[in-house]
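Geometric and topological summary
Residues per chain are reported as follows:
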Amino acid sequence: MIYEVSNLAVIIFLFIVGLVLGLSFYFARKTKSAASYYAAGGKIHWAVNGIAFAGDYLSAASFLGICGMIAYSGYDGFLYSIGYLAGWVVALFLVAEPLRKLGKYTFADALDSRFNAKSIKLAASISTLIVSVFYLIPQMVGAGDLVVPLLGLPHWMGVLIVGSIVIFIVATAGMTSTTYVQFIKGALLVVFSTILTFFILKNGLNLSPGNDYHQFNKIGVVVESDNSFRVSDSTYVVKSNQIVGNLTFIKLEKEGNAGWYKLSNNGDDAFLEEAPFITTTSTGEKLYNGAPKSERKFYQVGHLSKIIVDGVEVDKTGSLGPFEFIQAIEKSEIVRFTKKAFTDGEDKVTVYYQEKTLGKDIMKPGLLYKLSKSSGATFWNRLNFLSLMLALFLGTSALPHILIRYYTVPSQRAARKSTIVAISAIGFFYILTLYMGLGAMINGVLDVESSNMSAPLLAKYFGVGIFSIISAIAFATVLGTVSGLIVASSGAIAHDFIDKYLKVEMTDKEKVKAGKFAAIGVGIVAIILGILFKGMNVSFLVGLAFAVAASANLPAILFLLFWKKTTARGIAWSIIVGIVSSIGIIVFSPSMWERYGLLAKDAPIPLDNPGIISIPLSVITLIVISLMTQKHNATKDFSN
Amino acid sequence: MLHESTVMKETDNAAARKAKLGVKLFFIYTIIYAGFVLIGLFKPELMGLELMAGQNIAIIYGFGLIVLAIVMGFIYNYACTRLENKLNKN
């Protein structure tokens, strides 16, 4: 562990969790009917619903994942912010009001309102369930990441705690308590992110992030004519030499302490630079900089190597305005820590080497998504970028836990107004993510093992108080979003599948009971997946959920609303094709290949984001099948 | 807590015109968003160019897309509310 647990953090954390549970108890007494369980009785005020939308949407992925991605890859992480917000334009202008008019509790209701077809009920409930589970995984992973520094508990405990609390919230009071939890959390998140950004700007840029920041060792080397080298300081002994691609890593030992260094050779000037490293020994033991985690030899990283203001090099800038801050970063030079893994004898070694990066490269796309020819971008790199931007744009308005929030307000007008409140709050927050991410990048707070912790750790830099509050909010963020997702999935199982598809006779009370049991089941699945997917960037995972949602649900929604020839079979098949193709591509993608312990470059499909293939495929399916089943449609389309 | 009364059956004479407006605004935003993605795809070096006030195109375009979504949202709501008030009088 590289951070200490604070009592204040534990107290604030318990307070927020207590508040959330208290609310659930309060609303549990009021939740008696199916309408109140699934849609809060359609009685939520639009302003509350709008902030609750923001609460739903600003999940762990936005707060933890995007900030983390910006902290490690600069502007490329901000692309997620832009895409996530742009998705709301689709939701507001095309989907919000008509969908609200068609549906009752779930998005399957709306899709099916014209046809009353079994195939749609089944397909829509399956897709709701799958998208929700995909979205649940990153929330649970984020929860696990959070409790490590906050409460000093292992990752799996965090997942288990969130899972249990959420199952409790949902199973007691359904959508009403979920809405108010989201409202409180959405509001707190925006307010405290603003405060954190204020601190970042006030702090400005500084070459030394803090008194206890690690001083990196730099050792000169002499390169011989045959390209071999020797270390100038003869007290160091070279223990190992690893070449990974065009990088050379050297293991040096001095007085019994061994460490990894990266070789830099710019002709005249050659030197070795210290790189923090994690070793997994043949017995499975994990060592941090050569020692068990408890010895705390691992340290937080991220600093500036050069600050230039008005053409002059300075040590620090003092407080800066929002635009000055970005400008100052653009002119400066930042040390990022890039990961490389290799095997050294029987050990598996992961080093995080220093990579000096120009500010102007950080403030434009390209560090994560290689796009320009000079950086060696391939066709697939560019397709990946296009695919991501497409899925983010089209995914929002197809997310089941967002869609159900159109039914919690009393009217279409309220649905529209709450969407606008949501866009404003979310848009403002996304602008802040850039500052929080960059702040984490330069202030020596990053834990290279978990990009997700960047924002909370940045808060810690400014004091334990704000760290505790931010972490507790982040935890509540996970709680709220997971609750919303579980309500959506329990709706898919109990309302769409058992009630409408299987046509099991149930009283209103039994419907609520079925929903609660479904919620418990989904919650348990989410806990298991959250533990399995530890260590992946949560924003990347959510990007995949968006791709599945955009492929499976959005063509169905848009064509139903805007194309008269759409048929029930067209909708059902497009949902199925969307799910199968998007998940199929993900399963065979480079990121998943790495997850299976194989080499990313050997993956059968060189595409990480499936949207660019699966969305058009789903659209084509819908059009072709609809045109083929026009006759069928004439007899089915009785309700319209 | 804030609760509104539920309007169960809604007849909305403004629905068609609101939908038309929504589609129009959607296309305007989509074109601008596509412009951003296309620059990234085909002229990524353009993103680093300083446009004004010391900010590059990536920052101005990116922030611009976020602010534009909010502004268009308000315009849409204003127009829709007017249409509803005008057409749903009875």
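Residues numbered from 1 in each chain as written. Chains lettered and ligands numbered in written order. Predicted model: local features only at pLDDT ≥ 70, side-chain atom pairs only at ≥ 80, totals over all residues. Heavy atoms only, no water.

1. So, the overall build of chain B
When helices and strands are tallied, chain B shows two helices and two strands. Across chain B, helices and strands are ordered from the amino to the carboxyl terminus as α-β-β-α. Taken across its 90 residues, chain B has 41% of its residues classed as buried. Pairs at least 24 residues apart make up 64% of the contacts formed inside chain B by residues separated by at least 6 positions. In the structure as shown, chain B presents an accessible area of about 5,300 Å², 68% of it carried by carbon and sulfur atoms. (Helix = DSSP H or I, 4+ residues; strand = E, 2+ residues; numbered from the N terminus. Buried < 20%, exposed > 50% of the residue type's maximum accessible area, 1.4 Å probe, protein only. Contact = heavy atoms within 4.5 Å. Areas by Shrake-Rupley, 256 points an atom, 1.4 Å probe, with all protein chains shown as cover.)

2. Focus on the overall build of chain A
Within chain A, the secondary structure is distributed over 22 helices and 12 strands. Its C-alpha atoms give chain A a radius of gyration of 26 Å, near enough to 26 Å, the size a compact globule of 640 residues would have. The dimensions of chain A, computed from C-alpha atoms along their principal axes, are 85 × 55 × 55 Å. Taking all 640 residues of chain A together, 62% fall into the buried category. Once local pairs closer than 6 in sequence are excluded, the contacts in chain A between residues at least 24 apart make up 77%. As displayed, chain A offers around 23,100 Å² of accessible surface, 60% of which is attributable to carbon and sulfur atoms. Counting 54 positive and 41 negative side-chain charges, chain A places the averaged centre of each group 15 Å from the other. (Rg over C-alpha atoms; globule rule 2.2 N^0.38 Å. Lys, Arg positive; Asp, Glu negative; His and termini not counted. Charge placed at Lys NZ, Arg CZ, Asp CG, Glu CD.)

3. Thoughts on the nonpolar core
Residue and element names in this part refer to chain A. Trp-88, Leu-111, Phe-325 and Tyr-430 are the most contacted members of the largest nonpolar core, which totals 196 residues. Lining this core are residues from two domains, each supplying at least three of them: domain 1 (7–205 + 381–636) and domain 2 (218–380). Contact partners of Phe-325, with chain neighbours within four places excluded, come to Ile-200, Leu-201, Gly-204, Leu-205, Leu-320, Tyr-435, Leu-438 and Ile-442. One finds Phe-229, Val-231, Tyr-236 and Leu-272 within the second-largest nonpolar core, a separate group that totals 11 residues. (Core = buried A, V, L, I, M, F, W, Y, C linked by side-chain atoms within 4.5 Å. Domains from an automatic or database assignment.)

4. A word on helix 16 (residues 508–532) of chain A
Compared with an ideal rise of 1.5 Å per residue, which puts 25 residues at 36 Å, helix 16 of chain A spans 37 Å between its outermost C-alpha atoms and is within 8% of the ideal. Residues Val-512, Ala-514, Gly-515, Ala-518, Ala-519, Val-522, Gly-523, Ala-526, Ile-527, Leu-529 and Gly-530 of chain A constitute the buried set of helix 16 of chain A. (Expected span 1.5 Å × (residues − 1).)

5. Some words on the packing of helix 1 (residues 15–42) of chain B against helix 2 (residues 57–87) of chain B
Residues and elements named next belong to chain B. Packing of helix 1 against helix 2 brings their axes to within 10 Å, and their N-to-C directions diverge by 175 degrees. The pairing of helix 1 with helix 2 is recorded here as roughly antiparallel in orientation. Split into classes, the residues belonging to the contact of helix 1 with helix 2 amount to 20 nonpolar, three polar and three charged. (Axes fitted to C-alpha atoms, helices over the stretch in contact; angles between N-to-C directions. Parallel < 35°, antiparallel > 145°, perpendicular 65-115°, else oblique. Nonpolar A, V, L, I, M, F, W, Y, C, P; charged D, E, K, R; others polar.)

6. So, helix 2 of chain B
The end-to-end C-alpha distance of helix 2 of chain B is 43 Å, a good match for the 45 Å that 31 residues give at a rise of 1.5 Å each. The backbone nitrogen of Ala-58 of chain B lies 3.2 Å from a side-chain oxygen of the residue at the head of helix 2 of chain B, namely Asn-56 of chain B. (Polar contact = N/O pair within 3.5 Å; in protein donor to acceptor, adjacent residues only side chain to side chain.)

7. A look at the confidence of the model for chain B
With 87% of its residues at a pLDDT of at least 70, chain B reaches an overall mean of 83. Note on residues 1–9 of chain B: pLDDT is under 50 here. Beyond four places in sequence and across chains, it has 23 contacts. (pLDDT = per-residue confidence, 0-100.)

8. Topic: the domain arrangement of chain A
Residues and elements named next belong to chain A. The assigned domain composition of chain A is domain 1 (7–205 + 381–636) and domain 2 (218–380). Between the C-alpha centres of domain 1 and domain 2 there is a distance of 36 Å. Tallying the contact residues gives 36 residues for domain 1 and 46 residues for domain 2. Summing both partners gives a buried area of about 3,500 Å² for domain 1 against domain 2, and 66% of it is carried by carbon and sulfur. Ranking the residues of domain 1 by area buried against domain 2 places Leu-205, Asn-381 and Val-448 at the top, with a combined share of 23%. The tally of links between domain 1 and domain 2 comes to zero salt bridges. Summed over the shared surface of domain 1 and domain 2, the number is 20 residue pairs in polar contact (both at pLDDT 80 or more). (Buried area = accessible area lost by both parts, 1.4 Å probe. Salt bridge = Lys/Arg side-chain N within 4 Å of Asp/Glu carboxyl O.)

9. Considering the side chain of Thr-419 of chain A
Tracing the backbone shows Thr-419 of chain A in helix 13 (residues 412–442). Judged by relative accessible area, which is 0%, Thr-419 of chain A ranks as buried.

10. Description of the packing of aromatic side chains
All names here are of chain A. A complete count under the given rule lists 30 aromatic pairs over all chains for this structure. Between Phe-53 and Trp-88, the aromatic rings sit 5.2 Å apart at their centres with planes inclined by 85 degrees, giving edge-to-face as the arrangement. One end of the pair, Phe-53, is in helix 3 (residues 46–57); the other, Trp-88, is in helix 5 (residues 75–102), with 35 residues separating them in the sequence. Ring geometry for Tyr-80 versus Tyr-84: centroids 5.9 Å apart, planes at 50 degrees, classification tilted. (Phe/Tyr/Trp six-rings, centres within 6.5 Å; stacked < 30°, edge-to-face > 60°.)

11. Considering the sheet that holds strand 3 (residues 237–244) of chain A
What holds strands together in a sheet is hydrogen bonding between their backbones, with the strands either parallel or antiparallel. All names here are of chain A. Here six strands make up an open sheet; going across it, the order is 2-1-6-5-4-3 and the pairing antiparallel. Edge positions in the open sheet fall to strand 2 (229–231) and strand 3, since each of these has one partner strand only. Along the sheet, successive strands turn relative to each other by an average axial angle of 35 degrees, direction set aside. Direction of pairing for strand 4 (residues 247–254) relative to strand 5 (residues 257–266): antiparallel, over a ladder of six bridges. Opposite Glu-253, over in strand 5, you have Ala-258 as the bridge partner. (Pairing = 2+ DSSP bridges.)

12. Overview of the interface of chain B and chain A
Residue-level contacts link 50 residues of chain B with 57 residues of chain A. Taken over both partners, the interface formed by chain B and chain A buries close to 4,600 Å², and the fraction arising from carbon and sulfur atoms is 67%. There are three salt bridges connecting chain B and chain A. Between Glu-84 of chain B and Arg-413 of chain A there is a salt bridge, with its nearest N and O atoms 2.6 Å apart. The interface formed by chain B and chain A holds 10 residue pairs in polar contact (both at pLDDT 80 or more) in total.

13. Considerations on a positive patch on the surface
Residues and elements named next belong to chain B. A cluster of like positive charges, contributed by Arg-17, Lys-20, Lys-24, Arg-82, Lys-86 and Lys-89, occupies part of the molecular surface. Sorting the residues of the positive patch by element identifies helix 1 and helix 2 as the ones contributing at least two each. For the positive patch, the element with the most residues is helix 1, which contributes three residues. Assignment of secondary structure puts Lys-86 in helix 2. (Patch = residues over 30% accessible without salt bridge, like charges linked within 9 Å, V, L, I, M, F, W, Y side chains within 5 Å.)

14. Topic: the pairing of strand 7 (residues 277–280) of chain A
All names here are of chain A. Pairing between strand 7 and strand 12 (residues 347–358): four bridges, direction antiparallel. Looking at strand 12, one finds that Phe-277 is bridged to Val-351. The pairing of strand 7 with strand 8 (residues 286–288) spans three bridges and is classified as antiparallel. Note on strand 8: the bridge partner recorded for Thr-279 is Leu-287. The hairpin formed by strand 7 and strand 8 contains five residues between the paired strands, and Gly-284 there has a positive phi angle of roughly 90 degrees.

15. Structural notes on the confidence of the model for chain A
All names here are of chain A. On average, residues of chain A score 82 in pLDDT, and 93% of them reach the 70 mark or higher. For chain A, helix 22 (residues 630–636) is the element with the lowest average pLDDT, namely 58, and helix 21 (residues 611–628) is the one with the highest, namely 93. In this model residues 635–640 is a low-confidence stretch, pLDDT under 50, and it forms 10 contacts with partners more than four residues away in sequence or in other chains.

16. Notes on the sheet that holds strand 8 of chain A
Residues and elements named next belong to chain A. Taken together, the six strands give an open sheet; going across it, the order is 8-7-12-11-9-10, and neighbouring strands pair in antiparallel fashion. Across the chains shown, the open sheet's two edge strands, defined by having one partner strand only, are strand 8 and strand 10 (312–314). Averaged over all adjacent pairs, the angle separating strand axes in this sheet is 25 degrees, with direction ignored.

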